[in-house]
Amino acid sequence: MRPIMPAMPFLATVAGVLPVSQFLSMEPVMEDKKPSVSPNALRVEQLAQVLSAAAQRRVQVEHIQADIEAGAPTNADGTLSVLDYTAWQLQEMHRGQ
């Protein structure tokens, strides 16, 4: 039967190898985060992704573009607000009623 060895020597060995490993980046992990996106200033492609995730079905970029041409509100830089776009869609749905 093999004697039980304390874990500390193993941890010390791993800790000694990590700083010199050529395969591990020494950059902070937090740097891997994607830049944050404002829900009040989304590009058409980003809005399509957000709406697709929320609806659990694909929302086409072309449909959003058609809505913009039909009068959907946009910001001065051409981006869209999720809230304003959704409110506009609801208003359009109930316009004929």
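Residues numbered from 1 in each chain as written. Predicted model: local features only at pLDDT ≥ 70, side-chain atom pairs only at ≥ 80, totals over all residues. Heavy atoms only, no water.

(A) Local environment of the pattern of salt bridges. Applying the stated criterion to the full structure yields 2 salt bridges. A salt bridge links Arg-43 to Glu-45, with the shortest nitrogen-to-oxygen separation between them at 3.9 Å. In this structure Glu-45 comes out as partly exposed when scored by relative accessible area, which is 41%. For Glu-92, the salt bridge is made with Arg-95, and the minimal N-O distance between the two is 2.9 Å. Here Glu-92 and its partner Arg-95 are both found in helix H4 (residues 82–95), 3 residues apart, which amounts to about one turn of the helix. Note on Arg-95: relative accessible area 55%, which makes it exposed. (Salt bridge = Lys/Arg side-chain N within 4 Å of Asp/Glu carboxyl O. Buried < 20%, exposed > 50% of the residue type's maximum accessible area, 1.4 Å probe, protein only. Helix = DSSP H or I, 4+ residues; strand = E, 2+ residues; numbered from the N terminus.)

(B) Representation of the layout of surface pockets. What the largest pocket holds in volume is close to 210 Å³. Looking at side-chain class alone, the lining of the largest pocket contains 4 nonpolar, 4 polar and 3 charged residues. (1 Å grid on protein atoms, 1.4 Å probe; cavity = no way out; pocket = protein on both sides within 12 Å on 5 of 7 lines; lining within 4 Å. Points joined across faces, edges and corners; volume = space filled by probe spheres on them. Nonpolar A, V, L, I, M, F, W, Y, C, P; charged D, E, K, R; others polar.)

(C) Inspection of the nonpolar core at higher detail. In this structure, Leu-42, Val-44, Leu-47, Ala-48, Leu-51, Val-59, Ile-64, Ala-72, Leu-80, Tyr-85 and Trp-88 together form the largest nonpolar core, which totals 11 residues. For this core, the elements supplying multiple residues, two or more each, are helix H2 (44–55) and H4. Tallying contributions element by element places H2 first for this core, with 4 residues. Dropping the residues within four chain positions of it, Leu-80 is found in contact with Pro-39, Asn-40, Ala-41, Leu-42, Val-44, Leu-47, Ile-64, Ile-68, Pro-73, Thr-74, Asn-75 and Tyr-85. (Core = buried A, V, L, I, M, F, W, Y, C linked by side-chain atoms within 4.5 Å. Contact = heavy atoms within 4.5 Å.)

(D) Highlighting the packing of aromatic side chains. Here the structure, examined in full by the defined rule, presents 1 aromatic pair. Ring geometry for Tyr-85 and Trp-88: centres 6.4 Å apart, planes at 25°, overall stacked. In this pair, Tyr-85 and Trp-88 both sit in helix H4, 3 residues apart, roughly one turn of the helix. Here the two residues Tyr-85 and Trp-88 agree in accessibility, since each one is buried. (Phe/Tyr/Trp six-rings, centres within 6.5 Å; stacked < 30°, edge-to-face > 60°.)

(E) Representation of the side chain of Gln-46 in the model. Tracing the backbone through its elements, the reader meets Gln-46 in helix H2. Here the side chain of Gln-46 touches Arg-43 through a polar contact of 2.9 Å, landing on its backbone nitrogen. Excluding residues that lie within four positions of it along the chain, Gln-46 makes contacts with Val-37 and Ala-41. (Polar contact = N/O pair within 3.5 Å; in protein donor to acceptor, adjacent residues only side chain to side chain.)

(F) Fine view of H2. Given a rise of 1.5 Å per residue, 12 residues ought to cover 16 Å, and the 16 Å separating the end C-alpha atoms of H2 matches this to within 8%. Within H2, burial applies to Val-44, Gln-46, Leu-47, Ala-48, Leu-51 and Ser-52. In this structure, the buried side of H2 is in contact with helix H3 (61–69) and H4. A positive backbone phi angle near 55° is found at Gln-56, which sits one or two residues after H2. (Expected span 1.5 Å × (residues − 1).)

Distances and angles like these do not, on their own, reveal function.
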